[in-house]
Amino acid sequence: MLDLDWRPRLNTVTRNAWGLTFGDGVQAAEPTPSEQLHAGHHRDLHRYGPSPAPDTRPVLLVPPLAVPANCYDLRPGQSLAAHLLGRGHTPYLVDYGAMTAADRGLGFEAWVDDIVPGAIRRVSEEHDGADVDVVGWSLGGTLSLLTAAAHPDLPIRSVTAVGTPVDYTSIPAIAPLRAVGRITTERPLTAATWALGGLPAAVVQASYRVTAPRRELLRPWFIARNLHDTEAMARMQTVDRFMSAMPGYPARFFHQVCSQLILGNALATGELRIGGRAVGLSGVSVPVLAVGSTTDVIAPAASARAITTAATGAPSVRFETTTGSHLGLIAGPDAAATTWAYLDDFLAEPALVG
């Protein structure tokens, strides 16, 4: 008898091939239901899920700049926001929107002294003044930590930094930039961005792809091997869409990253100049969770681990390691069993609950 088991597989291959080449994709995006609570310039605030019950804990998700704000809610199975909802929390998101040349003057001050503190206060007010657990990925973790350090009066219960570089001397990928910068300062890196008003989105997108050359080179082989696997194709498509939607950096912010973080290594060794004053991670006075990946090119575990010696004022600093790419830390196939599980355990610690 003729074996017809190959027919469903062929149908899947055909459907996925069409979706990737001529159609609208392998799977349609299904964002977690959310409501916009506040609108403002680079500070829209959204709440995932229904109105919070009295006993739910508020969690504010702080994205980095130069990435789409949906980094915490890419698709079902790749959504930290949906996971937090399922664990009984009420997740919120602050969305900065697009950056233009008109934003060239925005630097760390705008986020550390205004945008992030404003979001934290609004979230707290939604929960009758309760303290807020703040979670940031990549430079979103940097903004979260610096906000906590600069404003110890804010209603913050804890800070989680996922894939957040602290010791920039432990990032091999930027070692050449640091070597050149010791001679030339940051000016060759930032001169063009000042003229353009910021680092263009196309440059940010290309830079992110450069950090994963193996993925880009093996992409045709990966598709050929997995075209029958709709989940694998959907994940690949989601990452592609995410990278293609990356916005740019404001000129001042990019200048500060280059001069104070990359060249000055200020997070690990001292303090940043923010709003005319010095702000260091030693000023963080709430419990901290940090997660780093040993295979992350952008923020290697060794760089993220430096939070354990920099946040000297925190009552506790927990550091966890895993594997995976920079984005994979919060949205990869292993995130639920690693990063999300570490966050679940951290938010349930007696020191936070009690």
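Residues numbered from 1 in each chain as written. Predicted model: local features only at pLDDT ≥ 70, side-chain atom pairs only at ≥ 80, totals over all residues. Heavy atoms only, no water.

The name given to the protein chain in an unreviewed UniProt entry is Polyhydroxyalkanoate synthase, and the organism recorded there is Rhodococcus tukisamuensis.

Another point: the environment of V59. Looking at the element boundaries, V59 is found in strand 3 (residues 57-62). Remark: the alpha-carbon pair of V59 and D131, spanning 72 residues in sequence, is separated by 9.3 Å. Every residue in contact with V59, bar those within four places of it in the chain, is listed here: L84, H89, T90, P91, Y92, D133, V135 and L347. (Helix = DSSP H or I, 4+ residues; strand = E, 2+ residues; numbered from the N terminus. Contact = heavy atoms within 4.5 Å.)

Turning next to the sheet that holds strand 6 (residues 156-162). With mixed pairing, eight strands are arranged side by side in an open sheet as 1-2-4-3-5-6-11-12. At either margin of the open sheet sits one strand with a lone partner, and together these are strand 1 (34-38) and strand 12 (317-322). Recorded for the sheet is a direction-independent mean angle of 20° between the axes of neighbouring strands. As judged from the four bridges shared by strand 3 and strand 5 (residues 132-137), these two strands associate in the parallel manner. (Pairing = 2+ DSSP bridges. Axes fitted to C-alpha atoms, helices over the stretch in contact; angles between N-to-C directions.)

Counted residue by residue, helix 16 (residues 339-347) has seven buried out of nine residues, so it is predominantly covered. Those residues of helix 16 that fall on the buried side of the exposure criterion are T339, W340, Y342, L343, D344, F346 and L347. (Buried < 20%, exposed > 50% of the residue type's maximum accessible area, 1.4 Å probe, protein only.)

Once that is clear, we can look at the packing of helix 3 (residues 108-126) against helix 11 (residues 251-263). For any two helices packed against each other, the geometry is given by the interaxial angle and the distance between the axes. Contact geometry of helix 3 with helix 11 gives a least axis separation of 8 Å together with a crossing angle of 100°. By the angle between their axes, helix 3 is roughly perpendicular relative to helix 11. In this structure, helix 3 contributes F108, E109 and W111 to the contact, and helix 11 contributes R252, F253, Q256, V257 and L261. Its residues assigned to classes, the contact of helix 3 with helix 11 comprises five nonpolar, one polar and two charged. (Parallel < 35°, antiparallel > 145°, perpendicular 65-115°, else oblique. Nonpolar A, V, L, I, M, F, W, Y, C, P; charged D, E, K, R; others polar.)

To continue, consider the environment of R122. By secondary structure assignment, the location of R122 is in helix 3. Residue R122 is classed as partly exposed on the basis of its relative accessible area of 29%. When the C-alpha positions of R122 and H38 are compared, they lie 8.7 Å apart, and in sequence the two are 84 residues distant. Non-local contacts of R122, meaning those with residues more than four positions away in its chain, are made with H38 and L45.

Formed by 60 residues in total, the largest nonpolar core has its most connected members in L60, Y96, F108, W111, L143, L146 and F253. In terms of residue count, helix 3 provides more of this core than any other element does, nine residues in total. The contacts of W111, once residues within four sequence positions are left out, are L65, Y96, M99, L106, V116, P117, L143, T147, P250 and F253. One finds L61, Y72, F242 and I330 within the second-largest nonpolar core, a separate group that totals 31 residues. (Core = buried A, V, L, I, M, F, W, Y, C linked by side-chain atoms within 4.5 Å.)

On to the pattern of salt bridges, then. Throughout the structure, instances matching the rule amount to nine salt bridges. Between R47 and E126 there is a salt bridge, with its nearest N and O atoms 3.8 Å apart. Remark: E126 occurs in helix 3 and R47 occurs in strand 2 (residues 44-48); sequence separation between them is 79 residues. When its relative accessible area of 38% is taken as the criterion, E126 is described as partly exposed. If you follow the salt bridges from partner to partner, you end up with E35, R47 and E126 in one network. (Salt bridge = Lys/Arg side-chain N within 4 Å of Asp/Glu carboxyl O.)

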